Amino acid sequence: MVSQKIGAWIGKLGWIWVDGQVAQITRRPGTNTVFLTLRDPSADLSLTVTTSRDVVDLGAPNLNDGARIVVHAKPEFYAARGSLSLRADEIRQVGLGELLARLEQLKKLLAAEGLFDRARKRRLPFLPTKVGLITGRASAAERDVLTNARRRWPTVEFRVINVAVQGTSAVPQIIDALNVLDRDETVDVIVLARGGGSTEDLLPFSDEALCRAVFACRTPVVSAVGHETDIPLVDFVADVRASTPTDAAKRIVPDLGDEFRLIGQAKQRLDRALRGMLDREQHRLDAIRSRPVFSRPLSMIDNRSSDVTQLRDRAARNLSHRLDRAGTELAHTLARLRTLSPAATLQRGYAIVQRADGAVVRAAGDVSAGDPLRIRLAEERWPPPSTRPPPTPPPTAAPAPPPGRRRRRPPASDPPPQPPSPRSDVSQRIQDYMLASASRGREVVQAGPFTVTISAHDPLVYINYAIPAAGADPTPEDIAALEAAFTSRSRTPRLEYLPGLAPLVEPALVAAGFTVTDRLPLMECPPGADVDQPLPDGIELITPTTDEHLLGLLSAQHEAFGEAPPTDEHLAKARGGDNIQVLARTLDGEPVGGGAAIAVKDGISEVAGIAVRPKFERRGIGGAITLHLTRAAHAAGAGLVFLTPAGDAQERVYARVGYRRTDSVLFLTKETS
C-alpha cells in the first residue's frame, strides 16, 4: 500500500532536469539501451539512469566516467524492489567531470607535500614474521592473498582484519584497521586488498584522510586495489603498489622453490671459488717448495748420512755376531748341563727306586717280594705319602715241580691298576684351568662330552670355544649337539683343547667337517727353572697403575697383533681383575710392549698377551717381559706356569728364559653358511 502511494506521488513529478556526475556507464552489446550511474556531487547518493544509445550519441557522444551531465528524465519507482530510477530522453554534457577534477587536484596537493616521494618509500622485509591484511569479509581478494602467499611460503602467518571496502563507512574502518596493525610489533608488512569495481566503488581508496594515514604508518604498506587499470591515490602513497591481490602475495613473501634454487646456485659458486682459491694456493706452495732452498735443505747432511748408516750397520752386525756366538755357547752349555742333570734322566722316563728306609735299589737282589718301595719320577713320587700301602709279608714259596714236568702258569687275571702318568696329570690340570678361565663371565652349555663357553657380547672366534672331557669319544649325535650350541647363538663352532687328553676327538670332528686351524706347543716353566734374560738398554718394565699406563699397554698389544686401536671398553676391562700386568717402555715413556699373567688359581697361572711393537722386535724385550711375569706368578703361589707360543717364538723367546715344551694345544673350527 505504501509502495503504491510512493509510486503514485513520484509519478506526479513528471519530467525533470537532474544534474550530476557519471560514475559508471554501461553499454550492452546487441541492445539499444544504455545504463548510467549518476552521482550527486555533494552527497553520497546515486541513481540509475536508463536511456537509449541514440540519446547518448546525440547529446554526449564522448561520454566517459566522471563527466558532469544534465539529463531530462522522468522518475520511476519500482515497487517490487523499492528502488528509484530515471528514464532520460535528453542528455547534455556540461564538461570534464568535477569528480575526476577534484581527484586530480588532490593528487597534485599530496604530491606537492611529498606523500608520493620515492625516497621515503621503504623496502619490504625479505621474510616477514607476520603479515597484516585489510580486506573485505569473505572476499575474493582475501582468498587470493592468503592462498598465493601460503603456496609460495607455507609457514607465513597472517593477521586479517575485515572492513567495509566501499560506502561511507569504508574510510573510517580502513583507517582504524591501519592503526591497529601498525601498533602490532609482530606485523612486518600491511596489505590493503580489494577486488575490482567501478570508479565510484574505489573512491574510498582515493580519500585524502586514508592517504595521509597510509603515509603516517611506520610499517611498510602494500596497495593491492582493483585491477591493473585501476589506480586510486593510495597506490601512489603506499610503499609498494601491486596490480592485483595475487600480485601482492608474490611481493610480500619469497618463493620457497626459488630460494632453494638460489641457495644451490650460491653454494656452487662458493664451491668453485673455494676450489679455485685452494688450487691457486697449492700452485703457489708447489712453486715455493720446488725452490732448491726448500726442496733439499739438508743436502750437505745427506752426503754424510750414508757413511753414518754404513758404520752403524757394521757395528750392529759385529754386535749381533758376538751376541749370537755367546748365545750359542750358552745354549750348548745349558744343554750339556741338562744332559748331565739327574732331573733330565728322570724326564726321559727313568725312575729312582728306594726302599722304605730310603736306600736306593740298584739290583734285584736288594729287595724281596712284598717289600714296600718308593718310586721317584720326574714330577712326583709314587706312591704319595698318604697312600703308601703297609708292608706285606713275603709270600710262601710254592713247591718246585717234579723233574721233567713244566710249571703250570697261573691263570690269567687283570693287571694291577697303574698310577696315572705325572705328565697327563699336569695336562689335565692345565685343561681344567683353561675350562675354568673360559667359563668365567660366559654362558656355559654342555653338549655331550663337550663343555661350550659362549660370550653373549663378543662374537670373536677366539673367545667362544668348546673343550672336550678327558677321554671323550664323541658320537655323531654329540657332534650335532656341539654344532647346534654354537649356531643357535650365531657363533662359529670352535674347539681349543689338549689333544693328548682326548685323542679320539680330533678324527671324529675332522670326519664331521671340522678343520684343524692351528696346533701350538704348550710350554711350562717350573719354579727355579727360569733363566735370566737381560733387559735391553733404554728399556724399563713397570706395573701399570694409571689409565695412561694401561692405554699404552693395550695400544702396544693391538699394534703388535694387527688389531684396531683400543676403545674405552677395552680400557674398562683392563682395569678390573687380579691379573699380573707389566708394561715395557722407553726411558722417555714411549710404550714398547707388555703382557699379563692370569691370576693364580689352584696353583696354576697362564702367561698370555706377550706383545712387542714391530719396530722394537728382535731385541730380547719379549723374553724379558715373559721372565718378569713368570717370576711374578711363581711369587704369587703358582707352582705351574704355562703358555702357548706362536710362530718361531718357542725357541727364539721362551726356551731362552727356561720354558720347555710339555704338550700341545689343538684348534679346530667348522665354517658354517
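Our structure is the block above this text.
Predicted model, so just to flag it, every value in this text is computed and none were measured.

Cut-offs used in this document
Each residue is numbered by its place in its chain's sequence as written, counting from 1. Totals for whole chains, interfaces and linings use all residues, but because this is a predicted model, local features are given only for residues with pLDDT of at least 70 and pairs of side-chain atoms are given and counted only at 80 or more. Remark: hydrogens and water are excluded; side-chain values derive from all non-hydrogen atoms of the structure. Secondary structure elements follow DSSP: runs of H or I no shorter than four residues count as helices, runs of E no shorter than two count as strands, and numbering proceeds from the N terminus. We call a residue buried when its accessible area falls under 20% of the maximum for its residue type, exposed when it is over 50%, and partly exposed in between, using a 1.4 Å probe and counting protein chains only. We call two residues contacting when some pair of their heavy atoms lies within 4.5 Å. All accessibility values rest on the Shrake-Rupley procedure with a 1.4 Å probe; residue burial counts only the protein chains present in the view. Any two strands between which DSSP finds at least two bridges are classified as paired. Helix axes are fitted to C-alpha atoms over the stretch in contact, other axes to C-alpha atoms as well, and angles between N-to-C directions run from 0 to 180 degrees. Whenever two N or O atoms come within 3.5 Å, that pair is a polar contact, provided that in protein one can donate a hydrogen and the other can accept it, and provided that, for residues adjacent in sequence, both atoms are side-chain atoms. Each angle receives one of four descriptions, namely roughly parallel if under 35 degrees, roughly antiparallel if over 145, roughly perpendicular if within 65 to 115, and oblique otherwise. By definition, turning the near helix anticlockwise from the far helix through less than a right angle yields a left-handed crossing, and turning it clockwise yields a right-handed one. Three classes are used: nonpolar for Ala, Val, Leu, Ile, Met, Phe, Trp, Tyr, Cys and Pro, charged for Asp, Glu, Lys and Arg, and polar for all others, with Gly counted as polar. Only buried residues count toward a nonpolar core. Its members are Ala, Val, Leu, Ile, Met, Phe, Trp, Tyr and Cys residues joined through side-chain atoms within 4.5 Å. What a helix should span is 1.5 Å times the count of its residues minus one. Note on patches: the residues involved have over 30% relative accessible area and no salt bridge, like charges join within 9 Å, and the nonpolar side chains Val, Leu, Ile, Met, Phe, Trp and Tyr join within 5 Å. Whenever a carboxyl oxygen of Asp or Glu lies within 4 Å of a side-chain nitrogen of Lys or Arg, that contact is scored as a salt bridge. Here the aromatic set is Phe, Tyr and Trp, taking the six-membered ring for Trp, and pairing holds for ring centres within 6.5 Å; pairs whose planes are under 30 degrees apart are stacked, those over 60 apart are edge-to-face, and all others are tilted.

Comments concerning the overall build of the protein chain
From N to C terminus, the protein chain includes 19 helices and 24 strands. The 673 residues of the protein chain split such that 36% are buried. Pairs at least 24 residues apart make up 67% of the contacts formed inside the protein chain by residues separated by at least 6 positions. Accessible surface computed for the protein chain: about 39,600 Å², of which carbon and sulfur atoms make up 54%.

Topic: the sheet that holds strand E1 (residues 16-27)
Read around the closed barrel, the 5 strands follow the order E1-E2-E3-E5-E4; overall the barrel is mixed. Mean inter-strand twist for the sheet, computed between neighbouring axes without regard to direction, equals 55°. Pairing of strand E4 (residues 68-78) with strand E5 (residues 83-93), which is carried by 10 bridges, proceeds in the antiparallel orientation. Its bridge partner lying in E5, Ile-69 is registered against Gln-93.

Considering the side chain of Asp-255
Inspection of the secondary structure assignment puts Asp-255 in the loop between helix H8 (245-252) and helix H9 (256-289). Among the polar contacts made by the side chain of Asp-255, one reaches the main-chain amide nitrogen of Asp-258 at a distance of 2.9 Å. Every residue in contact with Asp-255, bar those within four places of it in the chain, is listed here: Arg-152 and Arg-261.

A short note on the pairing of strand E8 (residues 189-194)
The element E8 is extensively covered by neighbouring structure, given that 6 of its 6 residues are classed as buried. As paired strands, strand E6 (residues 130-135) and E8 are joined by 4 bridges and run parallel to one another. Bridged to Leu-133 within E8 is Val-191. Relative to strand E9 (residues 221-225), E8 runs parallel, the two being bridged by 5 bridges. Each residue of the ladder has a partner; that of Val-191, found in E9, is Val-222.

Digging into the environment of Ala-149
Turning to its location among the elements, Ala-149 is positioned in helix H4 (residues 140-152). Note: C-alpha distance between Ala-149 and Arg-251 (102 residues apart in sequence) is 8.9 Å. Apart from the residues within four sequence positions on either side, Ala-149 is in contact with Val-156, Phe-158, Ala-249 and Val-253.

So, unusual backbone geometry
Located in the positive-phi region is Ala-138, a residue other than glycine, with phi close to 55°. Along the chain, Ala-138 falls in the loop between E6 and H4. Relative accessible area serves as the criterion here: at 70%, Ala-138 is assigned to the exposed category. A positive phi is found at Ser-490, a non-glycine position, where the angle reads about 60°. Tracing the chain through its elements places Ser-490 in the loop between helix H14 (476-487) and strand E17 (494-497).

A closer look at the packing of helix H16 (residues 547-560) against helix H17 (residues 568-575)
Two elements in contact, H16 and H17, have axes whose closest approach is 10 Å; the angle formed by their N-to-C orientations is 115°. Between H16 and H17, the crossing angle belongs to the class labelled roughly perpendicular. Handedness of the H16/H17 crossing: right-handed. Between H16 and H17, the residues in contact are Asp-547, Leu-550, Leu-551, Leu-554 and His-558 and His-570, Leu-571, Ala-574 and Arg-575, respectively. Classifying every residue of the contact of H16 with H17 by side-chain character gives 5 nonpolar, 2 polar and 2 charged.

Some points on the pairing of strand E3 (residues 46-52)
Summarising the sheet, strand E2 (residues 33-39) and E3 pair through 7 bridges and their orientation is antiparallel. Bridge pairing links Thr-33 to Ser-52 in E3. Note that E3 and E5 share 3 bridges and pair parallel. Bridge pairing links Thr-48 to Ser-85 in E5.

Considering the nonpolar core
The biggest cluster of nonpolar side chains holds 36 residues, and the ones touching the most others in it are Ile-430, Val-452, Leu-482, Leu-495, Tyr-497, Val-505 and Leu-509. Broken down by element, the residue count for this core peaks at 5 residues, all from helix H13 (residues 422-439). Each residue touching Leu-509, except ones within four places of it in the same chain, is listed here: Phe-450, Ile-479, Leu-482, Leu-495, Phe-514 and Leu-668. Ranked by size, the runner-up nonpolar core spans 30 residues in total, among them Leu-210, Val-221, Val-225 and Val-237.

Some details on H4
Over its 13 residues, H4 runs 18 Å from end to end, which matches the ideal 18 Å to within 8%, given 1.5 Å per residue. Close packing links the buried residues of H4 with E6, strand E7 (157-162), E8, H8 and H9.

With respect to the packing of H4 against H8
Interhelical geometry of H4 versus H8 gives an angle of 30° and a closest axis separation of 8 Å. Comparing the axis directions of H4 and H8 gives the class roughly parallel. Crossing of H4 against H8: the hand is right-handed. The segment H4 lies against H8, with Ala-141, Asp-144, Val-145, Asn-148, Ala-149 and Arg-152 engaging Pro-245, Thr-246, Ala-249 and Lys-250. Looking at the contact of H4 with H8 residue by residue, the classes come out as 5 nonpolar, 2 polar and 3 charged.

Observations concerning a nonpolar patch on the surface
Together, Leu-274, Met-277 and Leu-278 line one region of the surface with nonpolar side chains, adding up to about 280 Å² of accessible area. Within the secondary structure, Leu-278 sits in helix H9. Residue classification places Leu-278 among the exposed positions, given a relative accessible area of 51%.

Some remarks on the packing of aromatic side chains
As enumerated under the stated definition, the model contains 3 aromatic pairs in all. Between Phe-116 and Phe-236, the aromatic rings sit 5.4 Å apart at their centres with planes inclined by 35°, giving tilted as the arrangement. Separated by 120 residues along the polypeptide, Phe-116 in the loop between helix H3 (98-112) and E6 and Phe-236 in helix H7 (residues 234-237) bring together distant segments of the chain. Residues Tyr-433 and Phe-642 carry aromatic rings whose centres are separated by 5.8 Å and whose planes lie at 90° to one another, so their mutual orientation is edge-to-face.

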